[in-house]
Amino acid sequence: MVGIVGYGAYIPRCRIKVEEIAKVWGADAPSYKRGLGLQEKSVPQPDQDTITMSVEATKNALKRAPHVDPKKIGAIYIGSESHPYAVKPSGTTVAEAIGATPDIHCADYEFACKAGTEGMFVVYGLVKAGLIEYGLGIGADTSQGAPGDALEYSAAAGAASFIFGNDKVLAECNETFSFMTDTPDFWRREHEFYPRHGGRFTGEPAYFKHITGCAEGLMKKAGTEPKDFNYVIFHQPNGKFPQRVGKMLGFTPEQIEPGLLCPLLGNTYSGSSPMGLTSTLDISKPGDKIMLVSYGSGAGSDGFIFTVTDRINEVRDLAPKTRYMLDNNKRYIDYGTYAKYRGKILTAD
Amino acid sequence: MREVCVIGVGMNKWGELWDKSIRDLFVESALLAIKDAGVDKIDSMYVGCMTSGLFVGQEHLASLLADYLGRTPISSTRVESACASGGAAVRCGFIEVASGMSDVVLVGGVEKMTDVSGDGATYALATAADQEYEVFHGATFPGLYALMAKRHMHEFGTTRDMLSAVAVKNHDNGSKNPLAQFQSKTTLEGVANAVMVADPLTLMDCSPITDGAACAILASVDKAREISKNPLVKILGVGNATDRIALHSRKSLTTLNATLEASKRAYEMAGKTPKDIDFAEVHDCFTIAEIMVTEDLGFFEKGKGGHAALEGKTALDGEKPINTSGGLKSKGHPVGATGVAQIVEVVKQLRGEAGERQLKNPKVGLTQNMGGSGGSAVVHILEVM
């Protein structure tokens, strides 16, 4: 049995409300809140980045996998759009921080918001192939959204980390399926600070086409249908899209709700659907079936089916739950502080 | 002048058609119209398109479309009159057949609007206003029509609910049109409470950005009798007129003079009066536009257009059904295609092919297509033979 043996998330304390951003741009906050299904978003502090959040999330994952000696972790793959360095990996720093070096393979992944599930997919494959005993797949981002762009209301920060292995599995991976096409709906070129996007083109021909294509392919491959699942998690660029795609596929709001963090978290890009999986595992029971479908612009979706095991009851409470981090210890900041934290204030030289 | 008939119409579903290019859109509807008409040879074609250069970077459109329709070396001409380009193309085809120069002419309209961002579309559309005296100073089309709406409210007591009633009615009609971009209904409150675009116009007072095309085949009555299996629909009257393009140059903000003049000419040519018109497709780019147009066409007294909408007089079962297709508001507004799509709807109604939204035995229909904030207008009057 190969699957998840430990999981953890991390959410920074700072938050900014939609109203605070809308005020600066003279925008209509209620219509943004309604249109995006979003109240507020998380903001990283100046000393937080993809690496620090990955370490925090991985520490929580290790707490839930006390049997895993970090030295036995054979691979760390971090998916992000905001690796702090263009040249120099994030993975080695995380590996060093958790004591997993030097007998380990590291790589940083990038595929817009899908990069996190990419890392999970590869370590799952390596464990299944017997090449490594344990592997870490991480999705983390301090997401960028240009000032004044619709993305600024949602681009948030957070991380999720998953240890895959084949002993004391808490959620067995039953099936995977991926769905990719060349669809340029959202992009950021080298040396550009903020991503650009195709507006409404990011919806139907991009997000909806790939998620439905992946979910349908996955269910067909596994011989399952929506009612066979207790929970489902879709990528969450806003609060509305996951609910709409769920409805299109035949899932109920109840199946989606536990993993739907976006309304209070924002879009954590590579961390988005993986963090939804952590909050769903937090409330799941042995035997529950969970489907996860990510989405990354450019474009593609990775799909997974997990079955939760008895192990969940032993490890669930060993680390902070995702909803707890979302709902507690919050510190609201104003736009000026946000602009400073996010490096949006530049001096002439 | 020879008499001219519409012997075939063609249109596909409109909307955000991400996987269709401008040539796909046009050729698909042209083939439908050719098939509907049952013709194997067309003598010439006219294409209405407002700004394919700004929307998709393609000019020389008439030749491109003749090429992809497989009809080179046919004569093919693009016609531009902003949002009235489609109506103007129909008029050109009418003139060519009426003059005896051609027997069968394809008239079409097309616009591919979703390849640019919202800002890009706003910029492209604003080129239909007076760049130097309106647009450079910040005016956009919602802004210009909002000025007209405010003035109409001030002069005639037109209310928020009257504007909303136009959108509600057009969405009701559009919900019965399988080719419409939006087939959802709305309510007076839904329109009033939508996001504000330009006071008093909310998002639901505005027509959408749309990809689409529409085509029709025109023929002389003699030719039509020879080849057509459809009930013949004759174009009785055609009127085209212009107005001062910038709002500030006009004597009145509440009269669309180009529409008034174009309709006078069409009525005179057709030998009809507003009372003779059973139904009409009009240019509701904004809800206020439909109210003003129904007044300027002589359907309702000036200042009473809003009341007529609110009282249901323009509904499918009203005394003067307006925009049975859903109008620009619900069917969509691919600017260059709109004027031709109005002809498509009138022909379908007159032939009794309008499905769920079919009127009871209509005989005479009118189309009114308008450019920019009303700087040009084309009116056609059609009768089933």
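Colleague: I tried to follow the overall build of chain A on my own but got confused; where do I start?
Modeller: Helices and strands together make up the secondary structure of chain A, namely 13 helices and 14 strands. Across its three principal directions, the C-alpha atoms of chain A cover 55 × 45 × 40 Å. Put simply, chain A has 349 residues, and 54% of those count as buried. Of all intrachain contacts in chain A linking residues separated by at least 6 positions in sequence, the fraction that spans at least 24 positions is 79%.

Colleague: Sorry if this is basic, but what is going on with the overall build of chain B here?
Modeller: Each helix and strand counted, chain B has 14 helices and 11 strands in total. The C-alpha radius of gyration of chain B comes to 19 Å, within 12% of the 21 Å expected for a compact globule of 385 residues. Its C-alpha atoms give chain B principal-axis dimensions of about 55 × 45 × 40 Å. A total of 385 residues make up chain B; the buried ones form 61% of that total. Looking at chain B alone, contacts between residues at least 24 apart form 77% of all its contacts between residues at least 6 apart.

Colleague: Would you take a moment to explain the pairing of strand β5 (residues 105-109) of chain A for this structure?
Modeller: Regular strands place side chains that alternate from one sheet face to the opposite one. All names here are of chain A. In this structure, strand β4 (residues 73-79) lies alongside β5, joined through 5 bridges in parallel fashion. By the bridge assignment for β5, glycine 79 is matched with tyrosine 109. With respect to chirality, the unit in which β4 leads through helix α4 (residues 91-97) into the neighbouring parallel β5 is right-handed.

Colleague: Looking at this structure, I do not really get the domain arrangement of chain A. What am I missing?
Modeller: One frequent convention defines the size of an interface as the accessible area lost when the parts assemble. Residues and elements named next belong to chain A. Each assigned domain of chain A is listed here: domain 1 (3-170 + 319-341) and domain 2 (172-308). Centre-to-centre separation of domain 1 and domain 2, based on C-alpha positions: 16 Å. At the junction of the two partners, domain 1 supplies 47 residues and domain 2 supplies 42 residues. Only β1 (3-10), β3 (40-43), α5 (115-129), β6 (134-142), β7 (157-165) and α12 (322-327) provide two or more residues apiece to the side of domain 1 that touches domain 2. For the side of domain 1 that touches domain 2, the element with the most residues is α5, which contributes 7 residues. Here the residues of the side of domain 1 that touches domain 2 sort into 23 nonpolar, 16 polar and 8 charged.

Colleague: Honestly, the nonpolar core in this entry has me stumped. Any pointers?
Modeller: Looking at soluble globular proteins, one finds that nonpolar side chains tend to be buried together. Within the largest apolar cluster, 130 residues are counted, with the highest numbers of intra-cluster contacts made by Val6, Ala216, Ile217, Leu218 and Val340 of chain B. When residues of this core are assigned to their parent elements, the largest contribution, 9 residues, is made by helix α14 (residues 335-351) of chain B. Residues from two domains meet in this core; each of domain 1 (4-117 + 210-233) and domain 2 (139-207 + 236-384) of chain B gives at least three. Excluding residues within four positions of it along the chain, valine 340 of chain B makes contact with Gly48, Gly86, Ala89, Val90, Val107, Gly108, Gly109, Ala214, Cys215 and Ala216 of chain B. Grouped together as the second largest cluster of nonpolar side chains are 103 residues, Ile73, Tyr77, Ile78 and Val123 of chain A included.

Colleague: Even after reading the chapter, I still don't get the sheet that holds β5 of chain A, so can you show me in this structure?
Modeller: Strands belonging to one sheet form pairs held by backbone hydrogen bonds; the direction of such a pair is parallel or antiparallel. Residues and elements named next belong to chain A. With mixed pairing, 9 strands are arranged side by side in an open sheet as β5-β4-β6-β7-β1-β8-β13-β12-β11. Two strands bound the open sheet, and with one partner strand each, they are β5 and β11 (231-234). The sheet shows a mean angle of 20 degrees between the axes of neighbouring strands, direction not considered. As judged from the 8 bridges shared by β6 and β7, these two strands associate in the antiparallel manner.

Colleague: Please explain the interface of chain B and chain A as it appears in this structure.
Modeller: Each partner contributes residues to the interface: chain B has 5 residues there, and chain A has 7 residues. For the side of chain B that touches chain A, the class distribution of residues is 2 nonpolar, 2 polar and 1 charged.

Colleague: Could you clarify how one ought to interpret the domain arrangement of chain B in this entry?
Modeller: All names here are of chain B. If you check the domain split of chain B, you get domain 1 (4-117 + 210-233) and domain 2 (139-207 + 236-384). Averaged C-alpha coordinates put domain 1 and domain 2 at centres separated by 23 Å. With 38 residues of domain 1 at the interface, the matching set in domain 2 holds 34 residues. Only β1 (4-11), α4 (85-98), β4 (104-111) and β7 (212-220) provide two or more residues apiece to the side of domain 1 that touches domain 2. A total of 8 residues in the side of domain 1 that touches domain 2 trace back to one element, the largest contributor, which is α4. Looking at the side of domain 1 that touches domain 2, its residues break down into 22 nonpolar, 12 polar and 4 charged.

Colleague: Looking at this structure, how should I read the packing of helix α6 (residues 141-156) of chain B against helix α11 (residues 287-296) of chain B?
Modeller: Working note: a packed helix pair is described by the angle between its axes plus the distance between those axes. Residue and element names in this part refer to chain B. Running from amino to carboxyl end, α6 crosses α11 at an angle of 55 degrees, the nearest separation of the two axes being 9 Å. Between α6 and α11, the interaxial angle falls into the category oblique. Crossing of α6 over α11 shows left-handed handedness. Mapping the contact onto sequence places Tyr145, Met148, Ala149 and His152 in α6 and Ile288, Ala289, Ile291 and Met292 in α11.

Colleague: Can you help me understand the sheet that holds β3 of chain A in this one?
Modeller: Residues and elements named next belong to chain A. Spatial ordering of the open sheet is given by β3-β2-β14, a layout of 3 strands whose pairing is mixed. Both edges of this open sheet fall to β3 and β14 (331-332), since each of them pairs with a single strand only. Here strand β2 (residues 14-17) pairs with β3 via 4 bridges, running antiparallel. Within the sheet, the bridge partner assigned to lysine 17 lies in β3 and is glutamate 40. Packing of helix α1 (residues 18-25) onto the sheet brings it into contact with β2 and β3, and relative to β2 it is tilted by some 55 degrees.

Colleague: What's the story with helix α10 (residues 257-270) of chain B in this structure? I'm lost.
Modeller: Because each turn of an α-helix spans 3.6 residues, side chains separated by three or four positions in sequence point in the same direction. All names here are of chain B. Spanning 14 residues, α10 covers 20 Å between terminal C-alpha atoms, matching the ideal 20 Å at 1.5 Å per step. Against β8 (233-242), α11, β10 (364-371) and β11 (376-384) lie the buried residues of α10. Of the residues one or two after α10, glycine 271 is the one with positive phi, at around 70 degrees.

Colleague: Is there a simple way to think about unusual backbone geometry in this case?
Modeller: At the junction of threonine 101 of chain A and proline 102 of chain A, the peptide bond is cis and its omega measures out at 0 degrees in the coordinates. Here proline 102 of chain A is to be found in the loop between α4 and β5. In this structure, proline 73 of chain B follows threonine 72 of chain B across a cis peptide bond, with omega equal to 10 degrees. Look at lysine 168 of chain A: it is not a glycine, yet its phi comes out positive at around 55 degrees. Note on placement: lysine 168 of chain A falls in the loop between β7 and β8 (171-183).

Colleague: Would you mind showing me how to read helix α1 (residues 22-37) of chain B here?
Modeller: Residues and elements named next belong to chain B. With 16 residues, α1 should reach 22 Å at 1.5 Å per residue; the first-to-last C-alpha distance of 23 Å fits that figure. Looking at α1, one finds that the buried residues are Ile22, Leu25, Phe26, Val27, Ser29, Ala30, Ala33, Ile34, Asp36 and Ala37. On its buried face, α1 is in contact with β1, α2 (52-56), α3 (61-68), β4 and β7. Within two residues after α1, glycine 38 carries a phi angle of roughly 75 degrees, on the positive side.

Calculation notes
- Once a new chain begins, its residue numbering starts again from 1 and follows that chain's sequence as written.
- All chains are assigned letters beginning with A, and all ligands numbers beginning with 1, in the order in which they are written.
- This being a predicted model, a pLDDT of at least 70 is required before a residue's local features are given, and a value of 80 or more before pairs of side-chain atoms are given or counted; all residues contribute to the totals for chains, interfaces and linings.
- Every helix listed is a DSSP run of H or I at least four residues long, and every strand listed is a run of E at least two residues long, numbered separately from the N terminus.
- Here a residue counts as buried when 20 or more other C-beta atoms fall within 10 Å of its C-beta, as exposed when 12 or fewer do, and as partly exposed in between; the C-beta atoms come from the backbone.
- By the convention adopted here, residues make contact when the C-beta atoms placed from their backbones lie within 7 Å.
- Note on method: radius of gyration uses C-alpha positions; expected globular size equals 2.2 Å times residues raised to 0.38.
- For two strands to pair, DSSP has to find at least two bridges joining them.
- Orient the strands so they point away from the viewer; a crossover is then right-handed if the path from the first strand over the helix to the second runs clockwise.
- Start and end points for every domain follow an automatic or database-based domain assignment.
- Note on residue classes: Ala, Val, Leu, Ile, Met, Phe, Trp, Tyr, Cys and Pro are nonpolar, Asp, Glu, Lys and Arg are charged, and everything else, Gly too, is polar.
- Linking buried Ala, Val, Leu, Ile, Met, Phe, Trp, Tyr and Cys residues through C-beta atoms within 7 Å yields a set, and such a set is a nonpolar core.
- Axes here mean lines fitted to C-alpha atoms, for a helix over just the part in contact, with angles spanning 0 to 180 degrees between N-to-C directions.
- Under this scheme an angle from 65 to 115 degrees is roughly perpendicular, one under 35 degrees roughly parallel, and one over 145 degrees roughly antiparallel; angles in between are oblique.
- Two helices cross in a left-handed way if the nearer one is turned anticlockwise from the farther one by less than a right angle. They cross in a right-handed way if the turn is clockwise.
- Helix span, expected: 1.5 Å multiplied by one less than the number of residues in the helix.

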